[in-house]
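The primary structure of each chain is shown beneath.
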Number of protein chains: 2
Amino acid sequence: MKQGLKKVLISTLAITLLAGSAGVLAQQAPKPENLIKWRQSAFQLVAWNTGRIKASVEGQYNKDEVQRAANTIAAIANSGLGGLFAAGTEQGKGWHDTSAKPELFKDGKHFAELNASFGKEATELAAVAGGGDVAAIKAQFGKLQRTCKSCHDDFKSKD
Amino acid sequence: MKQGLKKVLISTLAITLLAGSAGVLAQQAPKPENLIKWRQSAFQLVAWNTGRIKASVEGQYNKDEVQRAANTIAAIANSGLGGLFAAGTEQGKGWHDTSAKPELFKDGKHFAELNASFGKEATELAAVAGGGDVAAIKAQFGKLQRTCKSCHDDFKSKD
């Protein structure tokens, strides 16, 4: 019986270790070049959707178009972009050489604050878009764009 | 008085035309290479977030991580991706040569159906993610991945 219990314990341990390894494998850290590619993709999508909002509020307003674009920016801004600037991605090439300044990786607290402001103003824009008040959308869109500029000023190299 | 009214009408017409031109300028169609770059960026972000969900449900489950990733995929899937496959983008280079098959531009109805399924299953995944039931998330994640595969099978060239 003691022997039986030992076998059960060993089997349990083996299964636990196997499951643990599978977990580690599944969560293997992505390659730095992928992280850089994904963050470059994220900001390109923000640019696409920013352009759509600008075109709509300055030209022929389309409520659905603005809502879809604002939702997309909000989801990206709140997606956890900080994780795409992990250690090891200070330099390197995704779609192109990273435009992140070295300062970004040295002042994580300030970057996190700017990232949080981006998320906050983007969430607010998605909410305001639902009201369909173009003046209010323009005002909130301006606030959002200022968060883009703040972060670019501090942490993005000029091309 | 008649002369005065004429002046007012002419001024109004001039302002209307100017405003119209500004609208047209603001809504100038993006360049094909930008549309291709944005769609390639969109699918890269879907890949990033798909990977995060997979790592979380197969490894150490993190409810917030899955929710953020599912929200991002849902917003992108419902962002109006069809617009990024506009006429004039059948061939060309964004980040790289387009992987879209010519068939995509010939069967807009089928593409629109697949795009709608992608949006529907992604929206459902974002909803299911809120419940925190890993088995339910896995099941819905499988449904979402099948919509990716259907569209790739029909409309994406093998690299």
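Heads up: these notes are all about the structure in this document.

Conventions and cut-offs
Residues numbered from 1 in each chain as written. Chains lettered and ligands numbered in written order. Predicted model: local features only at pLDDT ≥ 70, side-chain atom pairs only at ≥ 80, totals over all residues. Heavy atoms only, no water. Helix = DSSP H or I, 4+ residues; strand = E, 2+ residues; numbered from the N terminus. Buried < 20%, exposed > 50% of the residue type's maximum accessible area, 1.4 Å probe, protein only. Polar contact = N/O pair within 3.5 Å; in protein donor to acceptor, adjacent residues only side chain to side chain. Core = buried A, V, L, I, M, F, W, Y, C linked by side-chain atoms within 4.5 Å. Contact = heavy atoms within 4.5 Å. Buried area = accessible area lost by both parts, 1.4 Å probe. Salt bridge = Lys/Arg side-chain N within 4 Å of Asp/Glu carboxyl O. Nonpolar A, V, L, I, M, F, W, Y, C, P; charged D, E, K, R; others polar. Least-squares fit on C-alpha atoms with pLDDT ≥ 70 in both.

Structural notes on the side chain of S56 of chain B
All names here are of chain B.
Stage number 1. With respect to the secondary-structure elements, S56 resides in helix α2 (residues 32-58).
Stage number 2. Judged by relative accessible area, S56 falls into the buried class, the value being 3%.
Stage number 3. At 2.8 Å, the side chain of S56 and the backbone nitrogen of N62 are in polar contact.

Considering the nonpolar core
One recurring pattern in soluble globular proteins: nonpolar side chains tend to sit buried together.
Stage number 1. Counting 66 residues, the largest nonpolar core has I53 of chain A together with I53 of chain B as the members making the most contacts within it.
Stage number 2. Residue assignment for this core shows that the elements contributing at least two residues are α2 (32-58), α3 (63-77), α5 (108-131) and α6 (134-155) of chain A together with α2, α3 (63-77), α5 (108-131) and α6 (134-155) of chain B.
Stage number 3. Not counting residues up to four positions away in its chain, the partners in contact with I53 of chain B are V66, A69, A70, I73, L125 and F141 of chain B.

Things to note about the interface of chain A and chain B
Stage number 1. Across the boundary between the two partners, chain A contributes 27 residues, which contact 27 residues of chain B.
Stage number 2. When chain A packs against chain B, the two sides together hide about 2,400 Å² of surface, and 69% of this comes from carbon and sulfur.
Stage number 3. Ranking the residues of chain A by area buried against chain B places W38, W48 and W95 of chain A at the top, with a combined share of 27%.
Stage number 4. Between chain A and chain B we count zero salt bridges in total.
Stage number 5. Joining chain A to chain B, the criterion identifies six residue pairs in polar contact (both at pLDDT 80 or more).
Stage number 6. Broken down by secondary-structure element, the contributors of at least two residues to the side of chain A that touches chain B are α1 (2-26), α2 and α3 of chain A.
Stage number 7. The leading source of residues in the side of chain A that touches chain B is α2 of chain A, at 10 residues.
Stage number 8. Within the side of chain A that touches chain B, the residues separate by chemical class into 11 nonpolar, 12 polar and four charged.

So, the relation of the copies chain A and chain B
Stage number 1. It takes a turn of 180° to lay chain A on chain B, together with a shift of 0.0 Å along the axis; the resulting RMSD is 0.0 Å. In symmetry terms, the pair is related by a two-fold rotation axis. Judged by C-alpha distance, S41 of chain A is the residue of chain A that lies nearest the rotation axis, at 2.2 Å.
Stage number 2. Counting the interface residues of chain A, we find that 100% of their copies in chain B are interface residues as well, pointing to one common contact surface.

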